Amino acid sequence: MVDVQNLKIGYRGKSGPIFLSEIHDFNLQPGSLTALVGPNGIGKSTLLQTLSGSIDPLAGTLTMRGLVLSQMTPHQRSRQLSLVLTKSQHSQQLMVEEFVSLGRLPYANWVGALQQEDKSMILKALEATDLISLRYKKCGDISDGEMQRVAIARALAQDTPIILLDEPTTHLDLHHKALVLKLLKDLATKHQKVVLYATHDIELALDIVDKILLMTTKSGQLLTPNQLIEEKHLDHLFPKEHVYFDPKTKRFSMKD
Amino acid sequence: MLQGLKYKFILLPFLVLPLVMVLSLSLGSVYIPFGSVIKILLGLGTDDLTWSYIIHDYRLPKTITSILAGGGLAISGLLMQTLFRNPLAGPYVLGISSGASLGVAIVVLGSSAIGGVFGQALSTPWGLVIASGLGSFSVLLAVVSASLKIKDTMTLLIIGLMFGSLSGALVGVLSYFSSAEKLQQFVFWSFGSLGSLSWSSVALLSICSVLGLIIAVGSIKSMNALLLGPNYAESMGVSLKKTTFKLVLATSILAGSITAFTGPIAFVGLAVPHIVRQFTRTADHRIMLPTVFLWGSIILLCCDAIAQVPFHSTTLPINAITSLVGAPVVIWLLWRKKNIMF
């Protein structure tokens, strides 16, 4: 559903384009949960921004459900993919239900009036993320973990075949990390969506995802969790002096 | 439950506004019995032609000006707060009032330098309107063209503030070299005044206000998307540049034209959106836009009634009254709430 060929990502600076990373090709299938993994500053956010169409790739083609991303209008894009962001600068004054309802804007008329269909979609999104009891609370009054669920509910309400998430598990405790990941897995399998999320929680990702998109210096490749472990990719992910990966326990540990 | 609550807050100001309008029409330095005010308004005639003249040619334009200015400034404040995601933003945040003062300062304080008949002509009321209009327009032209180039709203906000302090400094230099008499004239302009508008001025102000409001209403959906922050807004098909341009343009037209005709009026634009937010419990601009406009009108009419000093011939400067009455109200509201949220 998401096809990428010879993609070069980066951004355009004053003195010409700044190259960050290159991914030869990968495609993401409906019903699959994929984690985007890589060290800080490697270009995970840039890749997500490129996939969401908010910045252009330096080279290569990106197609989503047969449509070339760069040729889609912003409105068409808004019906194909939705985002879940950690730093969204939203109004704290919004009620949870309003925040989720705004996901329906791409389908609304010029003032943003909602139809019955939109309302049932919003209700479903609130139910799936277990937010019914919080629906009339203000976004400023709920916890980080709850806000993360609200952000996911908003993407659900937008009802797109593709969902991209930027570090949805940061700032959460282990329990809530697991909760969010299970929710994402559900979204992928039950609703047959493409779900791609950037994360630093590699160990948790190994337990639950179908594929891992590993970004290392200058390149990226799509692997299954088993490939990742067996081909020892994780050994080279970080510099060797402080941490190492134990393939038996599937966990990182600190060196003495 | 939620729906009912929302509609109550929309309906309430619709009932309050007519009451405050009648109140504002019956107050003034000349005492006119309440019954006669109603009679004159309904066109039933009156025993006293002077009364009829005062109502028709002085108080009615003033009331309409107050409604347009209060509502328009409050809407501009709302647009700026949404655009900059900042509770401190107001209609004058982009330097509109500073631009207007610069225009007026050049005309009033600099007219001795220009001299002769030309200088005389510029010091007339219409000259002041044109000068302050041109002043705010040129500051806004700079800010609007910046808004077309700059994607980041914070940068735009700082550029607006810089333009503001730049024109403020120029006004300071001009004042330093002016005579006491000219300075007094300038200070009087900066007090603000709702009362000096002729019917033709009111008509022009109405046209500008309607134009600004149409742009604001047309941006409701994009503004609601902006409540989620710029990245989400963009991901839902909203063009940030277009929206920024539209909101800056609407604010310019509204606040620029109002300041040109009434002089600077502080507080209303900044505070009314906050007051309304405390009560409506929603951030939806479909609700906020009409409610903020109506409460802006009501609050400015009330301030004007206080400025009239009922049954007394003194009139206090409106620009001071709005802050004098309004600031304690906002402080009290926030004191109760303990925090200000945007």
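Computed from a predicted model, the values in this text were never measured in an experiment.

## What about the overall build of chain A?
Within chain A, the regular secondary structure consists of eight helices and twelve strands. Seen through its principal axes, chain A has C-alpha atoms that stretch 55 × 40 × 35 Å. Per-residue burial for chain A yields a buried fraction of 52% across its 256 residues. Intrachain contacts of chain A at a sequence separation of at least 6 include 67% that bridge at least 24 residues. Here chain A displays about 12100 Å² of accessible surface, and carbon together with sulfur accounts for 50% of that area.

## So, the overall build of chain B
Per the secondary structure count, chain B includes 15 helices and zero strands. Overall, chain B is about 65 × 55 × 35 Å in size when its C-alpha atoms are taken along their principal axes. Within chain B, buried positions represent 54% of all 342 residues. Within chain B, contacts between residues separated by at least 24 positions form 77% of all contacts whose residues are at least 6 apart in sequence. Counting every atom, chain B has about 14900 Å² of accessible surface; 74% of that belongs to carbon and sulfur.

## Details of the sheet that holds strand β8 (residues 194-199) of chain A
All names here are of chain A. Overall, mixed pairing links the ten strands, which are arranged β5-β4-β1-β2-β10-β9-β3-β8-β7-β6 in an open sheet. Bordering the open sheet on either side are β5 (67-68) and β6 (81-84), each of which pairs with just one other strand. One ladder, built from five bridges, connects strand β9 (residues 211-216) with strand β10 (residues 218-223); its direction is antiparallel. Looking at the pairing, T216 lines up with S219 of β10. Docked against the sheet, helix α1 (residues 44-51) engages β1 (2-13), β2 (16-28), β3 (33-37), β4 (59-64), β6, β7 (162-166), β8 and β9, running at close to 115° with respect to β1.

## Observations concerning the interface of chain A and chain B
It is common to report an interface's size as the accessible area lost on association of the parts. Listed as interface residues are 36 residues of chain A and, on the opposing side, 26 residues of chain B. For the chain A and chain B pair, buried surface summed over both sides reaches about 2700 Å², with 60% attributable to carbon and sulfur atoms. By the criterion of area lost to chain B, the three top residues of chain A are A:Q89, A:Q93 and A:L105, representing 20% of everything that side buries. The interface formed by chain A and chain B contains zero salt bridges. Inspection of the region where chain A meets chain B yields five residue pairs in polar contact (both at pLDDT 80 or more).

## Observations regarding helix α2 (residues 34-41) of chain B
All names here are of chain B. Buried within α2 are the following residues: S36, V37 and I40. Angular distribution of buried residues about the axis of α2 spans 105°; they occupy a single face of the element. Once α2 ends, the next one or two residues include G43, with phi positive near 75°.

## Remarks on the pattern of salt bridges
All names here are of chain A. Tallying each qualifying case throughout the model produces nine salt bridges over all chains. Where K190 meets D186, a salt bridge forms, and the shortest distance between an N and an O atom there is 3.4 Å. With a gap of four residues between them, K190 and D186 both fall in helix α6 (residues 174-191), about one helical turn apart. The class of K190 is exposed, set by a relative accessible area of 63%.

## Observations concerning the environment of B:V16
Residue and element names in this part refer to chain B. Considering the arrangement of structural elements, one finds V16 in helix α1 (residues 2-26). Exposure remark for V16: the relative accessible area of 22% places this residue in the partly exposed category. Non-local contacts of V16, meaning those with residues more than four positions away in its chain, are made with W295 and I298.

## What to know about the side chain of B:T322
All names here are of chain B. Structurally, the position occupied by T322 is in helix α15 (residues 318-337). By relative accessible area, which is 0% here, T322 ends up buried. Separated by 3.2 Å, the side chain of T322 and the backbone oxygen of A266 make a polar contact. The contact partners of T322, leaving out residues within four places of it in the chain, are I265, A266, F267, V268, L300, C303 and A327.

## Some remarks on the nonpolar core
Counting residues in each nonpolar core, the largest one holds 155 residues, and the members touching the most others are A:L47, A:L184, A:Y197 and B:F84. Residue contacts for A:Y197: discarding those within four places in its chain leaves A:L33, A:T34, A:A35, A:L36, A:L165, A:P168, A:L181, A:L184, A:A205 and A:V209. Core analysis: the next-biggest nonpolar cluster, separate from the first, contains twelve residues, B:L102, B:V108, B:A131 and B:W189 among them.

## Notes on the packing of aromatic side chains
Following the criterion strictly, the structure yields six aromatic pairs over all chains and no others. Relative to B:Y232, the ring of A:F99 has its centre 6.1 Å away and its plane inclined at 90°; by these criteria the two rings are edge-to-face. Of the two residues, A:F99 sits in helix α3 (residues 96-101) while B:Y232 sits in helix α11 (residues 230-235), which places them in two different chains. For A:F99, a relative accessible area of 0% corresponds to the buried category.

## A few points about the packing of α2(B) against helix α3 (residues 49-84) of chain B
When two helices pack together, their arrangement is given by the angle between the helix axes and by the axis-to-axis distance. Residues and elements named next belong to chain B. With their axes 10 Å apart at the nearest point, α2 and α3 run at an angle of 70° to one another. When the axes of α2 and α3 are compared, the pair comes out roughly perpendicular. Taken together, the residues of α3 that come into contact with α2 (itself represented by S36, V37, I40 and L41) are W51, S52, I55, H56 and L60. For the contact of α2 with α3, the per-class residue count stands at six nonpolar, three polar and no charged.

## Overview of the packing of α3(B) against helix α14 (residues 285-307) of chain B
Residues and elements named next belong to chain B. Contact geometry of α3 with α14 gives a least axis separation of 7 Å together with a crossing angle of 135°. As far as their axial angle goes, α14 and α3 are oblique. α14 is crossed by α3, and the crossing has right-handed handedness. Each residue belonging to the contact of α3 with α14 can be placed in one class, and the counts come to twelve nonpolar, nine polar and two charged.

Criteria and thresholds
- Residues numbered from 1 in each chain as written.
- Chains lettered and ligands numbered in written order.
- Predicted model: local features only at pLDDT ≥ 70, side-chain atom pairs only at ≥ 80, totals over all residues.
- Heavy atoms only, no water.
- Helix = DSSP H or I, 4+ residues; strand = E, 2+ residues; numbered from the N terminus.
- Buried < 20%, exposed > 50% of the residue type's maximum accessible area, 1.4 Å probe, protein only.
- Contact = heavy atoms within 4.5 Å.
- Areas by Shrake-Rupley, 256 points an atom, 1.4 Å probe, with all protein chains shown as cover.
- Pairing = 2+ DSSP bridges.
- Axes fitted to C-alpha atoms, helices over the stretch in contact; angles between N-to-C directions.
- Buried area = accessible area lost by both parts, 1.4 Å probe.
- Salt bridge = Lys/Arg side-chain N within 4 Å of Asp/Glu carboxyl O.
- Polar contact = N/O pair within 3.5 Å; in protein donor to acceptor, adjacent residues only side chain to side chain.
- Arc of directions from axis to C-beta.
- Core = buried A, V, L, I, M, F, W, Y, C linked by side-chain atoms within 4.5 Å.
- Phe/Tyr/Trp six-rings, centres within 6.5 Å; stacked < 30°, edge-to-face > 60°.
- Parallel < 35°, antiparallel > 145°, perpendicular 65-115°, else oblique.
- Nonpolar A, V, L, I, M, F, W, Y, C, P; charged D, E, K, R; others polar.
- Left-handed = near helix turned anticlockwise from the far one by under 90°.

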